[in-house]
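What follows is the residue order along each chain.
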Amino acid sequence: MTLCACVLAHQTHQEEKMSEDGREELVGTDDDSENMAVDGSLNNTMVEEGCTLLGRMEICVAEAEKRSGKNAVNMQETFTVYLIETRPMDAVADGRNPAPDSLWRRYSEFELLRNYLIVTYPYIVVPPLPEKRAEFVWHKLSADNMDPDFVERRRVGLENFLLRVASHPVLSNDKILYHFLTEEQGWKEVVYETGFQAKADSWLRALSATFRVRNPDKRFMEMKQYSDELQSHASQLLRARAKVADRLYGVYKVHGNYGRVFSEWSAIEREMGDGLQSAGHHMDAYAASIDDILEEEEHYADQLKEYLFYAEALRAVCRKHELTQFELEMASQDLISKKQQREELATGIVRTFSFKGMTNKLFGQEAPEQREARLKLLEELIVEGEEAVKEKTVECEEHVERAWVDMQRFKEQKDKDLREALINFAVMQISMCKKGIQVWSNAKECFLKM
Amino acid sequence: MSEHTVPADLSGHMLDLDEDEDLEVFSKSTSLADGSSMPNSPSSMVNQYRLEEDDEEQQNGNTKDIFITVDNPESHVTAIETFIMYRVLTKTTRSEFDSCEYEVHRRYQDFLWLRSKLEENYPTLIIHPLPEKFVMKGMVERFSNDFIETRRKALHRFLNKISEHPILSYNQHFKVFLTAQELAPHRKQSAGFLSRMGETVRAVANSVRGLSSRPEEFTLMQEYLENFSNKICSVNKVTQRVIKEQREYLDELKQYSPTYVQWAGLEGELAEPLKDVASCVERCSKETEEQIQHLSQVLLPILHEYVLCGETLKAVMRRRDNIQAEFEAKNETLASKKADKEAMQVEVDGLADRVEMANNALKGDWSHWQNSMRTDLKSAFISTAEKNVEYYEKCLAVWELFLLSQRVEPRKELDEEDVS
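Below, the structure is looked at part by part. Sequence order sets the numbering: in each chain, residues are counted from 1 along the sequence as written. Chain letters start at A and ligand numbers start at 1, both assigned in the order the entries are written. Residues qualify for local features only when their pLDDT is at least 70, as the model is predicted, and side-chain atom pairs are given and counted only at 80 or more; totals for whole chains, interfaces and linings, by contrast, use all residues. Working from all heavy atoms in the structure, the side-chain values ignore hydrogens and water.

1. Describing the interface of chain A and chain B
Then step 1. Counting from both sides, the interface comprises 60 residues of chain A and, opposite them, 59 residues of chain B.
Then step 2. Put simply, buried area is the surface a 1.4 Å probe can reach on two separate parts but cannot reach once they are joined, added for both. Summed over both partners, the interface of chain A with chain B comes to about 5,800 Å²; 72% of that surface belongs to carbon and sulfur atoms.
Then step 3. If you sort the residues of chain A by the area they bury against chain B, Arg247(A), Tyr258(A) and Arg419(A) come out on top, with a joint share of 11%.
Then step 4. Salt-bridge detection follows one rule: a side-chain nitrogen of Lys or Arg within 4 Å of a carboxyl oxygen of Asp or Glu. The tally of links between chain A and chain B comes to five salt bridges.
Then step 5. A salt bridge links Glu386(B) to Lys444(A); its shortest N-O distance comes to 2.9 Å.
Then step 6. What qualifies as a polar contact is a pair of N or O atoms within 3.5 Å, subject to a donor-acceptor requirement within protein and to the restriction that residues adjacent in sequence count only when both atoms come from side chains. In this assembly, chain A and chain B are joined by 15 residue pairs in polar contact (both at pLDDT 80 or more).
Then step 7. Here a helix means four or more residues in a row that DSSP labels H or I, a strand means two or more in a row labelled E, and each is numbered from the N terminus. At the level of secondary structure, the elements contributing two or more residues to the side of chain A that touches chain B comprise α1 (3-21), α10 (218-266), α11 (273-347) and α13 (368-448) of chain A.
Then step 8. Residue polarity is assigned by list, with Asp, Glu, Lys and Arg as charged and Ala, Val, Leu, Ile, Met, Phe, Trp, Tyr, Cys and Pro as nonpolar; anything else, Gly included, falls into the polar class. For the side of chain A that touches chain B, the class distribution of residues is 35 nonpolar, eight polar and 17 charged. We call two residues in contact whenever any of their non-hydrogen atoms come within 4.5 Å of each other.

2. Topic: the packing of aromatic side chains
Then step 1. Any two rings among Phe, Tyr and Trp, with Trp reduced to its six-membered ring, count as a pair given centres within 6.5 Å; such a pair is stacked if its planes are under 30 degrees apart, edge-to-face if over 60, and tilted if neither. What the rule picks out here adds up to 33 aromatic pairs over all chains.
Then step 2. Between Tyr192(A) and Phe196(A), the aromatic rings sit 6.4 Å apart at their centres with planes inclined by 15 degrees, giving stacked as the arrangement.
Then step 3. Burial here depends on accessible area, computed with a 1.4 Å probe over protein chains only, as a share of the maximum for the residue type. Under 20% is buried, over 50% is exposed, and the range in between is partly exposed. Look at Tyr192(A) and you get partly exposed, because its relative accessible area is 44%.
Then step 4. Exposure remark for Phe196(A): the relative accessible area of 3% places this residue in the buried category.
Then step 5. Both rings, one in Tyr300(A) and one in Phe425(A), keep their centres 4.4 Å apart while their planes meet at 20 degrees; by these two values the pair is stacked. A residue pair is termed long-range when its members are at least 10 positions apart, and Tyr300(A) in helix α11 and Phe425(A) in helix α13 qualify at 125 residues. Phe425(A) carries the same exposure label as Tyr300(A), and that label is buried.
Then step 6. Among the aromatic residues, those joined into a cluster by ring pairs are Tyr258(A), Phe262(A), Trp265(A), Phe447(A), Tyr224(B), Phe228(B), Tyr306(B), Trp366(B), Trp369(B) and Phe381(B).
Then step 7. Two limits define a charge over a ring: the Lys NZ or Arg CZ must be within 6 Å of the ring centre, and within 35 degrees of the ring normal. Over the aromatic face of Phe79(A) sits the side chain of Arg106(A), whose NZ or CZ is 3.8 Å from the ring centroid.

3. A short note on the pairing of strand β1 (residues 66-77) of chain B
Residue and element names in this part refer to chain B.
Then step 1. Alignment of β1 against strand β2 (residues 82-92), held across 10 bridges, turns out to be antiparallel. Residue pairing across strands places Val-70 opposite Val-88, the latter belonging to β2.
Then step 2. Linking β1 back to β2 in an antiparallel pair, the connection comprises four residues. Whether two strands pair comes down to DSSP finding at least two bridges between them.

4. Thoughts on the packing of helix α5 (residues 107-120) of chain A against helix α9 (residues 196-208) of chain A
Residue and element names in this part refer to chain A.
Then step 1. Under this scheme, a helix contributes an axis fitted over its contacting stretch, all axes are lines through C-alpha atoms, and angles between N-to-C directions fall in the 0 to 180 degree range. At their nearest, the axes of α5 and α9 sit 9 Å apart, and the two run at 75 degrees to each other. Classified by the angle their axes make, α5 and α9 are roughly perpendicular. Only Phe-196, Lys-199, Ala-200 and Trp-203 of α9 make contact with α5, whose side of the interface consists of Leu-112, Asn-115, Tyr-116, Ile-118 and Val-119.
Then step 2. Residues of the contact of α5 with α9, tallied by class, amount to seven nonpolar, one polar and one charged. Relative orientations are named as follows: roughly parallel for angles under 35 degrees, roughly antiparallel for angles over 145 degrees, roughly perpendicular for angles from 65 to 115 degrees, and oblique for any other angle.

5. Examining the environment of His304(B)
All names here are of chain B.
Then step 1. Structurally, His-304 is set in helix α9 (residues 271-336).
Then step 2. Here the alpha-carbon distance between His-304 and Lys-237, two residues 67 residues apart in the chain, equals 9.5 Å.
Then step 3. Non-local contacts of His-304, meaning those with residues more than four positions away in its chain, are made with Glu-132 and Asn-236.

6. What about the sheet that holds β1(B)?
All names here are of chain B.
Then step 1. What the three strands build is an open sheet, ordered β1-β2-β3; its pairing is antiparallel. Edge positions in the sheet fall to β1 and β3 (101-107), since each of these pairs with one other strand and no more. Within this sheet the neighbouring strands show an average axis-to-axis angle of 20 degrees, counted without direction.
Then step 2. The strands touched by helix α4 (residues 145-164) are β1 and β2; relative to β1, the strand with the most contacts, the crossing angle is about 145 degrees.

7. Considering the nonpolar core
Side chains of nonpolar character tend, in soluble globular proteins, to be buried together.
Then step 1. Each nonpolar core is a collection of buried residues, namely Ala, Val, Leu, Ile, Met, Phe, Trp, Tyr and Cys, held together in the definition by side-chain atoms within 4.5 Å. Core analysis: the biggest nonpolar cluster contains 164 residues, and Trp265(A), Tyr256(B), Tyr260(B), Trp369(B), Phe381(B) and Trp399(B) have the highest contact counts within it.
Then step 2. The element best represented in this core is α11(A), accounting for 21 residues.
Then step 3. Not counting the four nearest positions on each side in its chain, Tyr256(B) is found in contact with Leu237(A), Ala240(A), Arg241(A), Val244(A), Tyr300(A), Phe425(A) and Val281(B).
Then step 4. In this structure, Val70(B), Phe158(B), Leu159(B) and Ala180(B) belong to the second largest nonpolar core, which totals 32 residues.

8. Re the state of the cysteines
Then step 1. By disulfide we mean two sulfur atoms from cysteines, separated by a distance within 2.5 Å. Under the counting rule described, the total for this entry stands at zero disulfides over all chains.
Then step 2. Left unpaired, Cys396(A) is separated from the closest cysteine sulfur, that of Cys318(A), by 13 Å.
Then step 3. There is no disulfide at Cys280(B), and the cysteine sulfur nearest it, in Cys284(B), is 6.8 Å away.

9. Details of the packing of helix α3 (residues 108-121) of chain B against helix α5 (residues 172-179) of chain B
Residues and elements named next belong to chain B.
Then step 1. Two numbers describe how α3 lies on α5: the axes approach to 9 Å, and their chain directions differ by 165 degrees. Regarding the angle of α3 to α5, the classification is roughly antiparallel. Remark: the crossing between α3 and α5 carries left-handed chirality. Residues Asp-110, Phe-111, Trp-113, Leu-114, Lys-117 and Asn-121 of α3 pack against His-173, Phe-174 and Phe-177 of α5.
Then step 2. In terms of residue class, the contact of α3 with α5 is made up of five nonpolar, two polar and two charged. Each helix crossing is assigned a hand: it is left-handed if the near helix lies turned anticlockwise from the far helix by less than a right angle, otherwise right-handed if that turn is clockwise.

10. Here we look at helix α7 (residues 175-182) of chain A
Residues and elements named next belong to chain A.
Then step 1. Those residues of α7 that fall on the buried side of the exposure criterion are Ile-176, Leu-177, Phe-180 and Leu-181. Relative to the axis of α7, the buried residues are bounded by an arc of 140 degrees and lie together on one face.
Then step 2. Measuring from the side-chain oxygen of the N-cap residue of α7 to the backbone nitrogen of Ile-176 gives 2.8 Å; that N-cap residue is Asp-174. What the arc measures is the spread of directions leading from the helix axis to the C-beta atoms.

And the structure:
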């Protein structure tokens, strides 16, 4: 598949949709079509298209291949690599058709990139990767990571991930992302050099820790609540959908038995033979048609799954807020207590229990020099503490501000994407119904000839 | 009436022809009603039972002169038992009926009686089967509405099949069944039990001897029958399986639409499309329910009847074989006899005629049955296909309506953006 083709393939799909109802969709002008993310949604603000990476560069995950190699513990393993192709946008716009630059990446490298992005931009709802292992599998769908259908869907998902990241107003400017797309060798080292790993570890710990925040931003708490519920409901929907798909598969396949029996039966009949035989063929066709129908529906499931995983990313942003708010509160608390200590030292009035206070009472007050020393130390600590509070306040406020912007962007994107997904679902149902009408009309014609 | 008695001789296998003035195709020279005169030569008999294709059309088309319905099942409770009574309504222009309308009430046992009388009188005619006594699957209770309705329809079809049959339609027992207010006295009259006993004894005796050679056409018929039985059983099983799978699919669909509604509860803009999708899925569920009903009530019963027909046909073939075996046995005995040959010769000749008549009756009825089978199955399959097309058409409309409702909004958004 050539570079342009993967984006083009989607373009024609959009055109088809336009001609279906004869009205223009919210597609934008021709220029914009190259900036469409794989889900067909126009990039958020046309103003930014020059600014985002995707505006300057065409990106595509063109192929997938199996490789064998030695892993970290020197054991032989088989894995899949994906070919990332890039081309400068102006070259394409000019009508030139240069060969794309390309490099191979495996899933774990995508994971590394994403982890880096999460840690580096904790106020961004970072687009999720396609699932690591097949979930919500129904019986005929393979759970095997090496299954070609699974690999293909993953390829699409990885491309979708890259397109989303590269069109994000903030993430698209990241250098590491750029290197990921353009430099095959040594990229991993560069990532590790950023030192994000250390941050990642503490971030992971924080994510799973429980701590009480006194004054979290209500909006973020609501968002967190929303993300939890979204995860729950999306999971339920996906599970129910998988069961329905499984049963529908059964219904269609059972009709294949009609094909076989009619064929055998036609052999013993004179007048009915032809009609039965041809009706049988249509039954076989009917039974076979479900495979394509359900394969297409998997793409719908994938669109829903993306937002199931997005919920996790959204939750992480809210958690980050909780963390920064908590740290701010801790710092403030610490500062207050230090100030109190200073006051006590200065005035000699003990408000709070302290060992020093006790020992002072028991063994007599300390010497003035000692007190001076301690006071001085406390002053230094207080200055540090005030700095810390200032820093934390800024950090917290910045996070809230930036996160809120991105969460709004995310919400709009989600509403648009999922609406499109539902429409796609309806389109698929319509296609399935049309096929059904055709098959059974044909079968009826055959029965009439009996 | 003498025609109701079935002595263990050849007249028991003759047709009741007291109404023969209506049967134009049949030779009028037969006068077997009294059971005593000699039968005509076999060749003239042959002509009697050859049923041309034309008759079929005449019978089913414009000249249908008798209309029967079975309806109104009602529960009757006595000290001993509970049973269902069905109303049997007959409208006819036939002259042998005193009135043109009859309303009687019959229970399942009465239908059983009628059928067994017909089988007795015409052992090698193909008589449509009755619905079974019990439902083996245990899915349906004996007096559930579904069971009663299914049975009622089958009984209705049974009587109509009889009325459409060129020979059976004119049977005296059939007439009594349709017209007599009380069936009990007529049931008591028949000595059918004895004759059936005799027949069974002979059948057993003959089966020991075996058949020397079956005419080729009957062998072919037997072969066809085996295969047909096989295939119709398979089609029946497949249909049952389709229904089962559809039911399971429906169950999951019912769980599916609420998940959209639940999610909608979380959302703002997205709530409406989610709820719309939920209602679309719900509507499709309803259509699926109807589709399942149609299969269960239209296709499955017909298939089931033809499974039973398979058994009926096998019994008919067995009886024909027995008649032939009996003749052959007596014939052998005659050959080895030294004295008193004349009397036995008469008997053997009679049996030979009986064989001929039985064969012809079967041959004639065979094509009648095949046409009937073809018509019934064809119409059931067509109806199923039509219902499936209708199902998909309705679901298509549901989803297209959804698309329509969704596509209106982008237009509005576009206008608003231009304005701003």
